[in-house]
Amino acid sequence: MAQKPSIPKGTRDFNPEQVAKRNYIFNTIRGVFETFGFQPIETPSFENSETLMGKYGDEGDRLIFKILNSGDYLDKIPQEQLTTNNYQLLTKNISEKALRYDLTVPFARYVVQHQNEIEFPFKRYQIQPVWRADRPQKGRFREFYQCDADVVGSDSLWQEVEFIQLYDTVFSALKLEGVTIKINNRKILSGIAEVIGASDKLIDFTVALDKLDKIGEAKVKEEMLGKGILEAGISKLQPLFTLSGSFESQIESLKSILSTSEEGKKGMEELAFINSAITELGLTTATLQLDVTLARGLNYYTGAIFEVAAPKQVQMGSIGGGGRYDDLTGIFGLNNVSGVGISFGLDRIYLVLEELGLFPETVTKNVEVLFINFGDKEALFSLKAIKQMRLAGIHAELYPEAAKMKKQMNHADKRAIPFVVIIGEEEMNSNSYSLKNMISGEQFKLSLQDLILEIKKKS
RNA sequence: GUGGUUGUAGCUCAGUUGGUUAGAGCAUUGGUUUGUGGUACCAAGGGUCGCCGGUUCGAGCCCGGUCUUCCACCCCA
């Protein structure tokens, strides 16, 4: 080994146990998606750059992994472009493809491209990796999985209601209790911006407001002032900073702030509708909470905004998010198709379940029986039995070589295989099977039928 | 992209103000034991001290750069 091998920053290998645990989460989410009527699609891991660039804001563009063109990618670049230090222009000319940054934009592209084959409203789910050229830190990787469910072609608020039910169902199935589903509405945010005379600074305003619980009221005001929002406007926000109480009472308070904004009132009506439906239907383990400071990125949300917070005892960023986007397909030329969707952050959910010890013990299905190999004759005899066992659904295998028994037993022990079957000359002559229980150390001679019954009974 | 932090055997870590041939535990392999694992004992293999450069008679240790780890910011799942 001349050089130690390694993997790129922010990526991970997964061992068998980790894969089993990840599959447990995937399977749970997939199962719930399907019971809610979603169908799977997949899209390529990389898209044409123009499909992705500009869809996530400037910050997003920076975090998109660009793929270098093949061959001599400098061949047709004029000399002056190489020396002018304009990396954005150069990037466009040497890279025409990029790794997918999320699943929503590729989905919008898919919908537009296949619009004539799709029966609307279209409910799809998608579980695939995405890539971001971000600096890794806790729960943040450069390659990670998203599990998305979206509905396009329906502007009914019942979809929002369904997604909240879906979140609740998934986290209940995972036994992850105490998650908070935070909800807000973009219309409320733009209503507030309108009221304080900062409609043109909506993004700056919401980004600052979003930090309220993290940096506090004073710093939020400071940041807003710094972004050019007027003092007079900010003072009108005062009720917002102290907003608390039930969903209904928060909406009441908002009414006073938003009385002059049509858009803001619309947003409140939507929230009230969703909340009363959820109150009526009930949630199993999750809690729905109105959070007017919730303003997570994604420039394309136009209505509801969701974010799921892990139970308070674990320190983890959001484990899911989503929202309503009225015109996502518009950027690809298909207008008047409203969509709404949510996303689960698999890797973060994994970390949370691990921290709380919520993975079932049975996520890994180990081999149940190892047959000791004494030689070719015995191996063939063993494989006949193994064939029968496998038909009976037992995970069985033969040690591949006639190695020393100690070594074979050791192998079974290390792999935590609960049963070993020993077949030598003696057993072959009497057509019997010596079954050793590796936990108790007990050993019996049995017929093949009893052997299968015995193992099925114990597994 | 900004600031800090980390790196010594497969893993977890020692390593004196800079001084012979860099150590331990666990793991691995072989043996004590050719039809019985876990325990014990004996032995062996395994390192360009992240990488590149500098200072020095001499660098795992000091200096610079770079990569990586983790954390905070930006942003976000």
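Structure's up top.
Computed from a prediction, not measured in an experiment: that's the story for all the values here.

Undergrad: Got a minute to help me understand the overall build of chain A in this structure?
TA: Looking only at helices and strands, one finds 19 helices and 16 strands in chain A. Its C-alpha radius of gyration of 29 Å places chain A more than 25% over the 23 Å reference for a compact globule of 459 residues. Along the first, second and third principal axes, the C-alpha atoms of chain A reach 95 × 65 × 45 Å. Within chain A, counting contacts between residues at least 6 apart in sequence, those at least 24 apart form 70% of the total. Put simply, chain A shows about 23800 Å² of open surface, and 50% of that area lies on carbon and sulfur atoms.

Undergrad: Could you clarify how one ought to interpret the side chain of E307 in this entry?
TA: Relative to the assigned elements, E307 resides in strand β9 (residues 304-309). Here E307 is in contact with T180, I181, K182, L294, R296, S318, G320 and G321, once residues within four sequence places are set aside.

Undergrad: Would you mind showing me how to read the packing of helix α1 (residues 16-35) against helix α15 (residues 346-356) here?
TA: When two helices pack together, their arrangement is given by the angle between their axes and by how far apart the axes lie. One way to put it is that α1 packs onto α15 with a least axis distance of 10 Å and a crossing angle of 110°. Accordingly, the angle class assigned to the pair α1 and α15 is roughly perpendicular. Contact with α1, carried on its side by Q18, K21, R22, Y24, I25 and F26, involves L346, D347, I349, Y350, L353 and E354 of α15 and no other residues of that element. Of the residues contributing to the contact of α1 with α15, the split by class is 7 nonpolar, 1 polar and 4 charged.

Undergrad: Is there a simple way to think about the protein's contact with RNA strand B in this case?
TA: Lining the immediate surroundings of RNA strand B are 44 residues, of which K138, R140, S318, K404 and M438 lie closest. Backbone atoms, meaning sugar and phosphate, form 46% of the atoms of RNA strand B found within 4 Å of the protein. At 3.1 Å from a base nitrogen of RNA strand B is found a main-chain nitrogen or oxygen belonging to F141. Contacts to RNA strand B include K404, whose side-chain N or O atom sits 2.4 Å from a phosphate oxygen. Listed by contribution, the elements that provide at least two residues to the surface near RNA strand B are α3 (57-63), β6 (143-152), β10 (318-325), α17 (405-414) and α18 (425-430). Considering each element in turn, the surface near RNA strand B owes the most residues, 7 residues, to α17. For the surface near RNA strand B, the per-class residue count stands at 10 nonpolar, 12 polar and 22 charged.

Undergrad: Looking at this structure, how should I read the sheet that holds strand β3 (residues 66-67)?
TA: By way of backbone hydrogen bonds, the strands of a sheet pair with one another, either parallel or antiparallel. One open sheet accounts for 3 strands, arranged β2-β4-β3; its pairing is antiparallel. Lying at the two open borders of the sheet, with one neighbouring strand each, are β2 (46-48) and β3.

Undergrad: Would you take a moment to explain the side chain of R100 for this structure?
TA: Considering the arrangement of structural elements, one finds R100 in the loop between β4 (97-99) and α6 (104-113). One buried charged residue, R100, remains without a salt bridge, the closest side chain of opposite sign being E47 at 6.2 Å. At a separation of 2.7 Å, a polar atom in the side chain of R100 contacts the main-chain carbonyl oxygen of P44.

Undergrad: Sorry if this is basic, but what is going on with the pattern of salt bridges here?
TA: Once the charged atoms of two side chains with opposite charge are near each other, the side chains can pair. For the coordinates displayed, the defined rule picks out 21 salt bridges. Here E270 makes a salt bridge to K187, at a shortest N to O gap of 2.6 Å. Of this pair, E270 sits in helix α14 (residues 262-281) while K187 sits in helix α8 (residues 186-195), and the two are 83 residues apart along the sequence. Taken individually, E270 and K187 each receive the classification buried, so the pair is uniform in this respect. Between R415 and E397 there is a salt bridge, with the nearest N and O atoms lying 2.8 Å from each other. You can see R415 sitting in the loop between α17 and β14 (419-422) and its partner E397 sitting in strand β13 (residues 396-398), a full 18 residues away along the chain. Overall, the relative accessible area of 29% leaves R415 in the partly exposed class.

Undergrad: Teacher, can you tell me more about unusual backbone geometry here?
TA: Most peptide bonds take the trans configuration, and most residues that are not glycine carry a negative phi. In this structure, the amide linkage connecting F120 to the following residue, P121, adopts the cis form with an omega of -5°. Its place among the elements puts P121 in the loop between α6 and β5 (122-131). Despite not being glycine, K175 has its phi angle at roughly 60°, a positive value. In this fold, K175 is placed in the loop between α7 (158-173) and β7 (180-185).

Undergrad: Would you take a moment to explain the pairing of β14 for this structure?
TA: The side chains of a regular strand alternate, residue by residue, between the two faces of the sheet. The two faces of β14 match: F419 and V421 on one face and V420 and I422 on the other face are all buried. Note: strand β12 (residues 369-371) against β14, 3 bridges, orientation parallel. Looking across to β14, one finds that L370 is bridged to V420. Of the strand pairs in this sheet, β14 and strand β15 (residues 433-437) are connected by 4 bridges, and their pairing is antiparallel. Its bridge partner lying in β15, V420 is registered against K436.

Undergrad: Help me understand the packing of aromatic side chains, please; the structure alone is not making it clear to me.
TA: Think of a pair of aromatic rings as described by two things: how far the centres are apart, and how the planes are tilted against each other in angle. For the coordinates displayed, the defined rule picks out 15 aromatic pairs. Aromatic side chains F33 and F38 sit 6.2 Å apart centroid to centroid with 55° between the ring planes, which places their arrangement in the tilted category. Joined through ring pairs, the aromatic side chains of F33, F38, Y125, F163, Y167, F171 and F344 make up one cluster. Between R22 and the ring centre of F14, over which it is positioned, the NZ or CZ distance is 3.8 Å. Between R132 and the ring centre of Y101, over which it is positioned, the NZ or CZ distance is 4.2 Å.

Procedures and definitions
- Residues numbered from 1 in each chain as written.
- Chains lettered and ligands numbered in written order.
- Predicted model: local features only at pLDDT ≥ 70, side-chain atom pairs only at ≥ 80, totals over all residues.
- Heavy atoms only, no water.
- Helix = DSSP H or I, 4+ residues; strand = E, 2+ residues; numbered from the N terminus.
- Rg over C-alpha atoms; globule rule 2.2 N^0.38 Å.
- Contact = heavy atoms within 4.5 Å.
- Areas by Shrake-Rupley, 256 points an atom, 1.4 Å probe, with all protein chains shown as cover.
- Axes fitted to C-alpha atoms, helices over the stretch in contact; angles between N-to-C directions.
- Parallel < 35°, antiparallel > 145°, perpendicular 65-115°, else oblique.
- Nonpolar A, V, L, I, M, F, W, Y, C, P; charged D, E, K, R; others polar.
- Near = heavy atom within 4 Å.
- Polar contact = N/O pair within 3.5 Å; in protein donor to acceptor, adjacent residues only side chain to side chain.
- Pairing = 2+ DSSP bridges.
- Buried < 20%, exposed > 50% of the residue type's maximum accessible area, 1.4 Å probe, protein only.
- Lys, Arg positive; Asp, Glu negative; His and termini not counted.
- Salt bridge = Lys/Arg side-chain N within 4 Å of Asp/Glu carboxyl O.
- Phe/Tyr/Trp six-rings, centres within 6.5 Å; stacked < 30°, edge-to-face > 60°.
- Lys NZ or Arg CZ within 6 Å of the ring centre and 35° of its normal.

Shape is all these values report; function is a separate question.
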